[in-house]
Amino acid sequence: MSEYHRPDAKTLQNLKDIANKLRIHSIKMTDASNSGHPTSCCSIAEVMSVLFFNTMKYTISEPRGANNDRFVLSKGHAAPILYAAWAEAGLFPESDLLNLRKIDSDLEGHPTPRLNFVDVATGSLGQGLNCAAGMAYTGKYIDKADYRVFCVIGDGESAEGSVWEAMAFSSFYKLDNLVAIFDVNRLGQSEPTSLQHDMDVYRKRAEAFGWNTSVVEGHDVEALSKAFYDASTVKGRPTCILAKTFKGKGIPGIEDEENWHGKPLAAKSEAAIKAIEDNISNKGPHGLTPKSPSNQAKAVNISNIKLSEPPTYDKSAQVATRAAYGTALVKIGKNNNRVVAMDGDTKNSTFSIKFKEAFPDRFIECFIAEQNLVGVGIGCGTRGRTVPFISTFACFLSRAFDQIRMGAISQTNANFVGSHSGVSIGEDGPSQMALEDLSMFRSIPGSTVFYPSDAVSTERAVELAANTPGVCFIRTSRPNCPILYSPDDNLQIGKARVVRKSDSDKVTVIGCCVTLFEALKAADKLAIDGVNIRVIDPFTIKPIDAETIRSNAKETGGKIITVEDHYPEGGLGEAVCSAVACCRDITVKKLAVQEVPRSGKSAELLEKYGISANCIVKAVNQILSQ
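Conventions used here
- Residues numbered from 1 in each chain as written.
- Predicted model: local features only at pLDDT ≥ 70, side-chain atom pairs only at ≥ 80, totals over all residues.
- Heavy atoms only, no water.
- Pairing = 2+ DSSP bridges.
- Helix = DSSP H or I, 4+ residues; strand = E, 2+ residues; numbered from the N terminus.
- Axes fitted to C-alpha atoms, helices over the stretch in contact; angles between N-to-C directions.
- Salt bridge = Lys/Arg side-chain N within 4 Å of Asp/Glu carboxyl O.
- Buried < 20%, exposed > 50% of the residue type's maximum accessible area, 1.4 Å probe, protein only.
- Right-handed = clockwise from strand over helix to strand, strands pointing away.
- Contact = heavy atoms within 4.5 Å.
- Phe/Tyr/Trp six-rings, centres within 6.5 Å; stacked < 30°, edge-to-face > 60°.
- Lys NZ or Arg CZ within 6 Å of the ring centre and 35° of its normal.

Asker: If you had to explain the sheet that holds strand E9 (residues 387–393) to someone new, which residues and values would you point to?
Answerer: Across the sheet, seven strands lie side by side as E8-E7-E9-E10-E12-E11-E17; this open sheet has mixed pairing. Both edges of this open sheet fall to strand E8 (363–365) and strand E17 (540–542), since each of them pairs with a single strand only. For this sheet, the mean angle separating the axes of adjacent strands, direction not counted, is 20 degrees. Pairing geometry for strand E10 (residues 415–419) and strand E12 (residues 472–475), over four bridges, is parallel. Across the sheet, Gly418 pairs through a bridge with Arg475, a residue of E12.

Asker: I'd like a description of the pattern of salt bridges, backed by residues and values.
Answerer: In this structure the tally under the stated criterion is 29 salt bridges. For Asp183, the salt bridge is made with Lys75, and the minimal N-O distance between the two is 2.7 Å. One end of the pair, Asp183, is in strand E3 (residues 178–184); the other, Lys75, is in the loop between strand E1 (70–73) and helix H4 (79–89), and 108 residues separate them in sequence. Since its relative accessible area comes to 2%, Asp183 is described here as buried. With relative accessibility at 1%, the residue Lys75 sits in the buried group. Between Lys590 and Glu574 there is a salt bridge whose closest N-O contact spans 3.7 Å. Residue Lys590 is located in strand E19 (residues 587–591), and its partner Glu574 is located in helix H20 (residues 572–580); the two are separated by 16 residues in the primary sequence. Assessed through its relative accessible area of 31%, Glu574 is described here as partly exposed. Each member of the salt-bridge network shares a partner with another, and the members are Asp200, Arg203, Lys204 and Glu207.

Asker: Can you break down the pairing of strand E16 (residues 532–537) residue by residue, with the values?
Answerer: Note on strand geometry: in a regular strand, side chains alternate between the two faces of the sheet. Of all six residues making up E16, five are buried, and the element is well covered by its neighbours. Alignment of strand E14 (residues 497–500) against E16, held across three bridges, turns out to be antiparallel. Note that in E16 the partner of Arg497 across the bridge is Asp537. Where strand E15 (residues 505–511) meets E16, five bridges bridge the pair, whose relative direction is parallel. By the bridge assignment for E16, Ile510 is matched with Ile536. Tracing the backbone out of E15, into helix H18 (residues 514–528) and back to the parallel element E16 gives a crossover that is right-handed.

Asker: Break down the sheet that holds E3 for me, citing the residues and quoting the values.
Answerer: Hydrogen bonding along the main chain pairs the strands of a sheet, whether they run parallel or antiparallel. Overall, parallel pairing links the five strands, which are arranged E1-E2-E3-E5-E4 in an open sheet. In this open sheet, the two strands that pair with only one neighbour each are E1 and strand E4 (212–217). Put simply, the sheet's adjacent strands are angled 20 degrees from each other on average, direction ignored. Across four bridges, E1 lies against strand E2 (residues 149–154) in parallel orientation. Looking at the pairing, Phe71 lines up with Phe150 of E2. Sitting on the sheet, helix H3 (residues 45–55) touches E1, E2, E3 and strand E5 (239–244), and the angle it makes with E2 is about 175 degrees. Of the strands in this sheet, E3, E4 and E5 touch helix H7 (residues 199–208), which is tilted by about 170 degrees from E5.

Asker: Explain the packing of aromatic side chains to me, and be specific about the residues and the numbers.
Answerer: In this structure the tally under the stated criterion is 22 aromatic pairs. Between Phe52 and Tyr58, the ring centres sit 5.9 Å apart and the planes meet at 70 degrees, which makes this aromatic pair edge-to-face. In this pair, the class of Phe52 matches that of Tyr58, namely buried. Relative to Trp86, the ring of Tyr58 lies with its centre 5.2 Å away and its plane at 65 degrees, an arrangement referred to as edge-to-face. In this pair, Tyr58 sits in the loop between H3 and E1 while Trp86 sits in helix H4, placing the two residues 28 residues apart along the sequence. In terms of burial, Tyr58 and Trp86 fall into one category: buried. Three or more aromatic residues link up through ring pairs in this structure, and these residues are Phe52, Tyr58, Phe71, Tyr83, Trp86, Phe92 and Phe117. Looking at Arg70, its charged tip hangs above the ring of Tyr147, at a distance of 3.6 Å from the centre.

Asker: So what's going on with the environment of Leu73? Residues and values would help.
Answerer: Among the structural elements, Leu73 can be located in strand E1. Residue Leu73 is classed as buried on the basis of its relative accessible area, which comes to 3%. Between the alpha carbons of Leu73 and Ile181 there is a distance of 9.8 Å; along the sequence they are 108 residues apart. Those residues in contact with Leu73 that sit more than four places away from it in its chain are Ile44, Ala78, Ala79, Leu82, Pro111, Thr122 and Val152.

Asker: Explain unusual backbone geometry to me, using residue names and the numbers behind them.
Answerer: Cis geometry is found at the peptide bond from Lys542 to Pro543, where omega equals 0 degrees. When you line up the elements, Pro543 lands in the loop between E17 and helix H19 (546–555). Positive phi values are uncommon outside glycine, yet Phe367 reaches one of about 60 degrees. Under the relative-accessibility criterion, Phe367 is labelled partly exposed at 38%.

Keep in mind these numbers describe shape, not what the thing actually does.
Following this line, the structure appears as structure tokens:
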């Protein structure tokens, strides 16, 4: 390892000048938009200058190049200074900065990947380090490349537990290619932060989480240059740089003052800019260019991922869809070495353990920290380096709903798999029963929601999800279920399957997995009394196959019954109602879990909460008598 070479006096002055230019850009941009956070930008001006013009290795013409160092601005409200840094680097004209927050500009109020230099959306605080940890894990263990990951975190957002989940994860996996920079500027949005400038407490906390930690003066470009160099020499531990800074640094009368969060300077701008300009020695081109990255991260292909072999199940078998998920994951992992899986210490229940046993070097145990689990998965998926599958009990994914929501804004291609859905899990009781998950994932923009009913359709759902852009969710169940489909059945997104049909069907019943088989049992019972019903498996709840549902409903007198192991809000029933909302003379009766359930045997709970075969029979008779 080469020794540290202190930047020469000219370079240090250029870095100081760039920091002040970034401040001026941030003030002008937020004035032009009459909104934004100039004081939050000013506190990290030197950090940004040293990172972008002395430390990071990247290619300006290819901001998301595979070999470039990564940068995550977790304190996303400081977006103007990120945009200013890229403009100073020469990616786009400085004049574009004045389009901040305009409707026709991608320079939005907080960063999103609409911009070609942003990997993940930030702005909902406390999430950047989780994603950065996923990027660093990918770099160290999957790509085995030398690119590094830098994440700037606000001191206010360090109150979020997700930050400390990421801190624990990163030290456990020895992510020595990860640097977290805490911008300790003392002031939050509405009042000072809880620790203000107590740097010793910050240091002790970071060290307690196993990080190589240093406290630096955050406005000293030489100290920052040395701290970033030292971080590059550390092995086996991530580095935390605690930068003591001042909000509004460099602005007379505003620096370190309260009540300036999220406010443009307006009438005070001219004097502020003049004061900052007085500290700039070189007002012309700075002449600093980023260092070139290496070429260790090779091109990868994550397209057209297939099962290594078709589903193979005995037609008489009973297989839980959660078990089929594990089988399918191994199959796509055999065919593409960029498939990765992660879990939150439930791998022996979700059956992602099968993937770990087959490919231990591509399985990431995230332990019981679901917010970090999701963030790491999103980070792993950036720049198309991996195809992540993220699994846990479906109910625990609700803990990370904000991370999933932000994942959609990040244009992530991440696949979520939630097991143990509904009351059919049995004795574990309501805290373990996902009854809101379909509603949650259906509400995510651009999402695809799979609800496979048997082992074959589960394997195909995994295959399809691996190739589908955006957020995908696969809902799996605990009970063993019969095999419904053949290996060569052509299951498609947005295409429902009619699994029982006659020419005299009186009602269309739609169910998924456990409730689909209850519907088939109900069909057998009703047939004894001469009543035939049509049974549909939607396969995907989003997109729902409106055409198939409408046409079959019309053939069965306009009568539909939906039956779901889920609360009525936002699930299968409401998806079906939306599909037929424009149709006259169609009636939908929804059977769903109507109250907080309790423990019991699976069959007892299906009966008690109105979604068993007996309950479907009653519902059919009721709708026919109306």
